[in-house]
Amino acid sequence: MLSLALRGMRTRWVTFVGSFVALALGVGLIATTGLALAATFDAPERGTERFAEARVVVQGTDELKVDTPIGVRASTLTDPRPVPRELADKLAGVGTVAEDRTFPVAVPDADRRLGTDAGALVGHSWAVAAATPYRLISGRAPTAPGEVVVTTGPGAQVRTGDRVEVTTPEGSGTRTVVGTVPAAGFESAVFFTAAEAARLSPRIDRVTVDADPAAVRAALGTGSGLTVLTGDDRRRADPDPDRDKEALVSVNALLGTAAGITAFVSVFVVASTFTFAVAQRRREFGLLRMAGATPGQVRRMVYAEALVIGVLASGAGCLLGRWAAPRLAAWMSGQGIAPAWFRIGEQTWPLHVAFWTGLTVALCGVVVASYRAGRTAPAVALRESAVDTGTMPWSRRLVAAAVLLTGLGLLVMALVENPGDVLKRKTYITQPMLLIVAFALFAPVLMRPLIRLLTWLPARLPGAVGMLARENAAAGVRRTAAVAAPVIITVALACSLMGTTATINEAKAAEARTQTRADYVASAGDAGRTLPAAFVEAVRSVPGVTVSTSRSTGVTVLEEGTALVRSQARAVGSAADLAEVSHLPVIAGELKNLDDDSIVVNEEWLTTRVGERVPVWLGDGHKANLEIAAVLAVGTGDNGVYLTARNASGAGVDRVDIRVGSTADRAAADRRLRAAGEANGVDVLTAGQWIEAHYPRSSESTRLGLLMILAIALVYTAIALANTLVMATTDRVRDLAALRLTGATKPQVLRLVAVESVIVVVVGAVLGLAVSAVNLLGVRTALGLLDVRSAIVVPWPTVGAVIAASALLAVLAAALPASFALRTRPVELAGMRE
């Protein structure tokens, strides 16, 4: 059988080249994403950066450790405690010390003027600069108030002696640049004198000590709440020491999703391709059966063909993946999806996984096809009818129904048990898969009615093209189902992924709009930045306005006695002011009851009974036993925990919500608020502007990641369409010749082929949109159950582009081989034998 299979493959290479290309591409994509995914498992080893020259670093404990029945559990603190003044003075008696204070600063147009990242700009005392070490490349150290040293990068325009505007926690002011140092890469800094830094930020974040570590520990004693860092542990004092690992989390999720979708698409398309290839060869198998071949021999021949194709295509795919993976990593780094240092390692196991996956897919893809090939009766060799019959056996109907019911059942179960799970990426990406498989399995039985429905009008237009295209497409159900399958998956993924993401983003924005009563919002951004105290005081002085200040912090709870769970929280200055500027979804209790001895939680907490006390660890590690004052609905997931400012002592004000009273002069209030913002380098936005800025439709990295996934599916669609239509058109040369002999011109035949292709793509698109409709309806239902009122967002431009691209590919893949076939005289084509 192997020799017979090889001879058959040599003579019918057109039938197998598409399967080879589809499988090789699938293995290549799996190998590419697998190699990139393997590179995300380990972040690069970085040494100490900011305190590389410090002998000992003393800072507040930055980690919470709790003993549980299954061991010690740890969680990072959001607001580590400062170093007390008395302990800093005590350490000065042990050795030379330098007090480190880190506080947010801003320089207008810093990206251009300093050549550094404005978002990472911070202030330090020059006394601690030598610990990095920073070295002056021009000028001198600051010695008087108003003098600063700045870090500069490539293309920096600031020079020694320049005057620059610097916004600090004290407000905005002009300072003289007396020196410059090269940017360190992990931060952009402005250095002040030690006295000015202490005035701007009284809190001592760390102390460097040039002394023996044992002496430092002895001076601190036990129970100080401070940590002594030496050696590699000094990395814990670096800005965001875990940023490399955290940067890989989103990359890992994206590549994991891409790998999963790639594997799904490859299995789906390859199985469909093999099934169609076998279905095309029914007469060939019938001749073999007439020649005496047993059903088992026919099946073994099909398996032998799949084995040969699987080995060759998998090997080619591994080579393709090895070549493409570094280029994928470089593209992701260049687009900001992955860190700049992201590179492909030396791992080889993804290649082994890809190879054996490809071979397994090839063999599994012909299981059903080989069974059907073995059942081919000898009489099929004599059949001349082009109408497909028996395309939907009861076994396939039962499998399709089971898959469909499973997909719908899982969706309903998620909606009933926890609607919030439907909004999670893992759910809304995997949910469409079962529905896609179900609709594809049902495709043969859905094709004829859909084709007749969608072509009812074209078939009645003048001319025979519409009618012939309708009948040809309806007759060749196997061909149309094989062509529609990749279109179904591409359209379904495009509409489901992009539509669900856009719908959830819009829901979050709608939820934020309904929860705010503020007229203006000012925020400091991320990375622990705070608003200048001068700005907060200026806003409070505006007549007729209600001002609610809040701080970002965190609380940690021990759930079920074994798991430390940290929740994002906001600490507010006044519960009354918060109630005035917001309309939070309170389902139990009252927001106004929030005080220093209480907490507001959401429904996700294990303890949600108003009046009950819950033990928590605050952002600085202090343990508190707080009473539940109110409970919030979960919503889309942004409804967090609320505390008072006293329970977030280590956090600074990073958001101010402002509501103008009904009796106040709104125009005058607007002028004063904007003047306060301009004087302190703070953007004062209306509530609508703030929501638009902070609830974008999707981030650039997310958008690019989704487009990368869709590109993978679209490339596979192109291969599958080209493969299937080339095989189908090649087998229809006698039908095309018959049309020519009845009087049809070459352009008419080509138009017929093109119209047929477009009809099949439209049918596939309709089924893909049906899958998306079910998925988006599930998301909309989940939002409704969470009391979030938001419309479904359908990405029509993206879906339209995918359908148009599929139609164009289908027309080219069908018309080109048909045009080549029509070069031969019709009489010769009609006399061709298989």
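Residues numbered from 1 in each chain as written. Predicted model: local features only at pLDDT ≥ 70, side-chain atom pairs only at ≥ 80, totals over all residues. Heavy atoms only, no water.

Time to look at the overall build of the protein. Along the backbone of the protein there are 24 helices and 23 strands. In the protein, the share of contacts with a sequence separation of at least 24, taken over all contacts with a separation of at least 6, comes to 81%. Total accessible area on the protein stands at roughly 36,500 Å², and carbon and sulfur atoms take up 59% of it. (Helix = DSSP H or I, 4+ residues; strand = E, 2+ residues; numbered from the N terminus. Contact = heavy atoms within 4.5 Å. Areas by Shrake-Rupley, 256 points an atom, 1.4 Å probe, with all protein chains shown as cover.)

Turning our eyes to something else, we now look at the packing of helix α22 (residues 746–785) against helix α23 (residues 796–821). With their axes 8 Å apart at the nearest point, α22 and α23 run at an angle of 150 degrees to one another. The interaxial crossing formed by α22 with α23 has right-handed handedness. Along the contact surface, α22 presents Leu750, Val753, Ala754, Ser757, Val758, Val761, Ala765 and Leu769, while α23 presents Trp796, Val799, Ile803, Ser806, Ala807, Ala810, Val811, Ala814, Ala815, Ala818 and Ser819. Looking at the contact of α22 with α23 residue by residue, the classes come out as 16 nonpolar, three polar and no charged. (Axes fitted to C-alpha atoms, helices over the stretch in contact; angles between N-to-C directions. Left-handed = near helix turned anticlockwise from the far one by under 90°. Nonpolar A, V, L, I, M, F, W, Y, C, P; charged D, E, K, R; others polar.)

The biggest cluster of nonpolar side chains holds 93 residues, and the ones touching the most others in it are Leu255, Ile261, Met332, Phe342, Ile436, Met447 and Leu493. At 14 residues, the largest contribution of residues to this core is made by helix α15 (residues 477–515). Apart from the residues lying within four places of it in its own chain, the contact partners of isoleucine 261 are Ile429, Met433, Leu493, Leu497 and Ile709. Counting residues in hydrophobic clusters, the runner-up holds 20 residues, among them Val536, Val539, Ala664 and Ala676. (Core = buried A, V, L, I, M, F, W, Y, C linked by side-chain atoms within 4.5 Å. Buried < 20%, exposed > 50% of the residue type's maximum accessible area, 1.4 Å probe, protein only.)

Turning our eyes to something else, we now look at the pairing of strand β18 (residues 598–602). Extensive coverage of β18 is indicated by the burial of five of its five residues. Residues Ser598, Val600 and Asn602 of β18 are buried on one face, and the alternating residues Ile599 and Val601, pointing to the opposite face, are buried as well. Two elements, β18 and strand β20 (residues 623–632), share five bridges in a ladder whose sense is parallel. Paired with valine 600 across the bridge in β20 is alanine 630. (Pairing = 2+ DSSP bridges.)

It is worth spelling out the environment of glycine 778 at this point. Mapped onto the secondary structure, glycine 778 falls in helix α22. Setting aside anything within four residues of it in sequence, one finds glycine 778 in contact with Leu411, Leu415 and Val422.

The tally for this structure, following the rule as stated, stands at 24 salt bridges. Ionic pairing is found between aspartate 62 and arginine 236, a salt bridge with its closest N-O pair at 2.7 Å. Residue aspartate 62 is found in the loop between β1 (56–60) and β2 (63–68), and its partner arginine 236 is found in the loop between β13 (226–229) and α7 (243–280); the two are separated by 174 residues along the sequence. Taking the relative accessible area as the measure of exposure, aspartate 62 reaches 15% and is therefore buried. Note on arginine 236: relative accessible area 32%, which makes it partly exposed. Linking aspartate 205 and arginine 203 is a salt bridge whose minimum nitrogen-to-oxygen distance equals 2.8 Å. Here the salt bridges do not stand alone but share partners, grouping Arg50, Asp100, Glu187 and Arg206 into one network. (Salt bridge = Lys/Arg side-chain N within 4 Å of Asp/Glu carboxyl O.)

Okay, the packing of helix α3 (residues 85–92) against helix α6 (residues 213–220) next. Two elements in contact, α3 and α6, have axes separated by 10 Å at closest approach and are oriented at 140 degrees. Here α3 is positioned oblique relative to α6, judged by the angle of their axes. Considering how the two elements wind past one another, α3 and α6 form a crossing that is right-handed. Mapping the contact onto sequence places Leu87, Lys90 and Leu91 in α3 and Val216, Ala219 and Leu220 in α6. (Parallel < 35°, antiparallel > 145°, perpendicular 65-115°, else oblique.)

Before going further, it helps to examine unusual backbone geometry. At the junction of threonine 132 and proline 133, the peptide bond is cis and its omega measures out at 0 degrees in the coordinates. With phi around 60 degrees, aspartate 787 is a residue other than glycine that occupies positive phi space. Structurally, aspartate 787 can be placed in the loop between α22 and α23.

Another aspect to go through is the confidence of the model for the protein. The predicted model of the protein has a mean per-residue pLDDT of 82, with 88% of residues at 70 or higher. Ranking the elements of the protein by mean pLDDT puts helix α1 (residues 2–11) last, at 54, and strand β22 (residues 655–660) first, at 94. (pLDDT = per-residue confidence, 0-100.)

Our focus in this paragraph is the sheet that holds β1. Within the open sheet, the four strands sit side by side as β4-β12-β1-β13. Their pairing is antiparallel. Every interior strand has two partners, whereas the edge strands, β4 (96–100) and β13, have only one. Averaged over neighbouring strand pairs, the angle between their axes works out to 20 degrees when direction is ignored. Examined bridge by bridge, β1 and strand β12 (residues 206–210) share four bridges and lie antiparallel to one another. Paired with valine 58 across the strands is valine 207, a residue of β12. Across the sheet, α3 touches β1, β4, β12 and β13, and the angle it forms with β4 is around 150 degrees.

Take α3 next. Residues of α3 that are buried: Leu87, Ala88 and Leu91. Down the axis of α3, the buried set is contained in an arc of 105 degrees. They therefore lie on one face. On the buried face of α3, the contacting elements are β1, β4, β12, α6 and β13. (Arc of directions from axis to C-beta.)

Let us now look at a negative patch on the surface. A grouping of Asp42, Glu45, Asp232 and Asp233 is seen on the molecular surface, where their side chains present a negatively charged patch. In this structure, aspartate 232 sits in the loop between β13 and α7. (Patch = residues over 30% accessible without salt bridge, like charges linked within 9 Å, V, L, I, M, F, W, Y side chains within 5 Å. Lys, Arg positive; Asp, Glu negative; His and termini not counted. Charge placed at Lys NZ, Arg CZ, Asp CG, Glu CD.)

Moving on, we come to the pairing of strand β3 (residues 71–76). Looking at chain direction, β2 and β3 are connected through six bridges and run antiparallel. Its bridge partner being in β3, glutamate 63 is matched across the sheet by threonine 76. Count of turn residues in the β2/β3 antiparallel hairpin: two residues.

Tallying each qualifying case throughout the model produces five aromatic pairs. Arranged with centres 5.4 Å apart and planes meeting at 90 degrees, the rings of tryptophan 126 and phenylalanine 191 form a pair that is edge-to-face. With tryptophan 126 in the loop between β6 (121–125) and β7 (138–139) and phenylalanine 191 in strand β11 (residues 188–192), the pair connects residues that are 65 residues apart, well separated along the chain. Ring geometry for phenylalanine 355 versus tryptophan 356: centroids 5.2 Å apart, planes at 90 degrees, classification edge-to-face. Put simply, the rings of Trp126, Tyr134 and Phe191 touch in pairs and so form one group of aromatic residues. (Phe/Tyr/Trp six-rings, centres within 6.5 Å; stacked < 30°, edge-to-face > 60°.)

With that settled, consider the side chain of glutamate 99. Summarising the element assignment, glutamate 99 is placed in strand β4. Polar contacts involving the side chain of glutamate 99 include one to the side chain of arginine 101, which spans 3.0 Å. Beyond its immediate stretch of four places on either side in the chain, glutamate 99 contacts Arg85, Ala88, Ser125, Val128, Ile204, Arg206 and Val207. (Polar contact = N/O pair within 3.5 Å; in protein donor to acceptor, adjacent residues only side chain to side chain.)

So, about the environment of alanine 129. Structurally, the position occupied by alanine 129 is in the loop between β6 and β7. Classification of alanine 129 by relative accessible area gives buried; the value is 2%. Not counting chain neighbours up to four residues away, the residues in contact with alanine 129 comprise Tyr134 and Phe191.

What follows deals with the side chain of glutamine 59. Tracing the backbone through its elements, the reader meets glutamine 59 in strand β1. Among the polar contacts made by the side chain of glutamine 59, one reaches the side chain of arginine 206 at a distance of 3.0 Å.

Let us now look at a nonpolar patch on the surface. Side chains of Leu453, Leu454, Val758, Val762 and Val766 sit close together on the surface and give an oily, nonpolar patch of about 360 Å² of accessible area. Of all the elements in the fold, those that place two or more residues in the nonpolar patch are α13 (425–454) and α22. Along the chain, valine 758 falls in helix α22. Taking the relative accessible area as the measure of exposure, valine 758 reaches 33% and is therefore partly exposed.

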